[in-house]
Amino acid sequence: MSRDGLLAGLKVVIDAGPTCEDIDPVRFLGNRSSGKMGFAIAAAAGAAGAEVTLVAGPVALATPAGVARRIDVRSALQMRDAVFSVIDAADIFIATAAVADWRVASYSERKIKKEPSGTPILELVENPDILAEVAARSPRPFVVGFAAETDHVLENGRKKLARKKLDMLAANHVDATSGIGADDNALEVLWADGGVSLPRAPKPDLAKALVACIAARYRARMHA
Ligand code: CTP
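If you're wondering where the values come from, they're calculated on a predicted model, not measured in any experiment.

Conventions used here
- Residues numbered from 1 in each chain as written.
- Predicted model: local features only at pLDDT ≥ 70, side-chain atom pairs only at ≥ 80, totals over all residues.
- Heavy atoms only, no water.
- Core = buried A, V, L, I, M, F, W, Y, C linked by side-chain atoms within 4.5 Å.
- Buried < 20%, exposed > 50% of the residue type's maximum accessible area, 1.4 Å probe, protein only.
- Helix = DSSP H or I, 4+ residues; strand = E, 2+ residues; numbered from the N terminus.
- Contact = heavy atoms within 4.5 Å.
- Pairing = 2+ DSSP bridges.
- Axes fitted to C-alpha atoms, helices over the stretch in contact; angles between N-to-C directions.

*Asks:* Account for the nonpolar core, naming residues and giving values.
*Replies:* In this structure, Leu7, Ile14, Ile41, Ile92, Ile94, Leu187 and Leu210 are the most contacted members of the largest nonpolar core, which totals 38 residues. Elements with a contribution of two residues or more to this core: β1 (11-16), α1 (36-47), β4 (51-56), β6 (92-95), β9 (142-149), β10 (168-173), β11 (184-191) and α5 (203-222). Per element, the largest residue contribution to this core is 8 residues, and it comes from α5. Apart from the residues lying within four places of it in its own chain, the contact partners of isoleucine 14 are Gly38, Ile41, Ala42, Ala45, Val52, Thr53, Leu54, Val55, Ile94 and Thr96. Formed by 25 residues, the second largest nonpolar core is a distinct cluster that contains Ile87, Ala95, Val143 and Leu166.

This is the structure we're talking about:
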């Protein structure tokens, strides 16, 4: 770990990957997040000297060098518990996870069988918004959110920045070749009175650039 890096001496909590919401012992609701962006940010933050805690949904990725602690979870509720177990000490929280918006209202202990009487109807309930909950705390860490947008990236990103009361938002262009699950990405990084475009690049390079941005804005806020 670098002692004189951009994030030296800071505690950073990052959530990453998808969450899986179990329906029964064999089925779940999930999404296409690979966790690559979050893991790349964890690696870049560790290389910048931060003490990194990585809360990971179900992903097939090795823990990057420089990550001090990894907590593996499956569901949104578990991810929220894991984040909240470490957030008090955090200086910076970076929410990269693709948290499932809904879970089933009641998990079936038994595998749901096909019945001649008809198809099952799943009742869904909304999951907590981990990012918004962290942003609503007082005191709170410097809070960075992500947004996956297909259209009007800047406009929707600005709305999300304000609505969730974030310090910074990294808006993802999602299409067939970048964003969720891909190796490359491009980001529009926004904060209340500014922003910067990080052009399309492999996720490790982009993560390094984003970490530099976060470090600069964090220091600016501390000295404001
Ligand atoms: N997030 C979260 N908990 C949730 C949902 C989202 O922490 N239950 C976080 C994600 O980690 C991400 C940001 O919120 O940092 C994404 O916000 P969201 O409103 O879910 O944005 P989109 O997925 O882009 O959805 P939409 O555009 O439909 O609002």
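Past the structure itself, the notes keep going.
*Asks:* If you had to explain the sheet that holds β10 to someone new, which residues and values would you point to?
*Replies:* Overall, mixed pairing links the 8 strands, which are arranged β5-β4-β1-β6-β9-β10-β11-β12 in an open sheet. Two strands close off the open sheet at either side, each with one partner strand: β5 (67-72) and β12 (194-202). Looking at each pair of strands side by side, their axes are set apart by 15° on average, direction ignored. Taken together, the 4 bridges between β1 and β6 define a ladder with parallel strand orientation. If you follow isoleucine 14 over to β6, its bridge partner there is isoleucine 94. Across the face of the sheet, helix α2 (residues 76-86) comes into contact with β1, β4, β5 and β6 while running at roughly 165° to β4. Seen against the sheet, helix α4 (residues 153-163) touches β9, β10, β11 and β12 and runs at an angle of roughly 50° to β11.

Function cannot be inferred from these measures alone, as they are strictly geometric.
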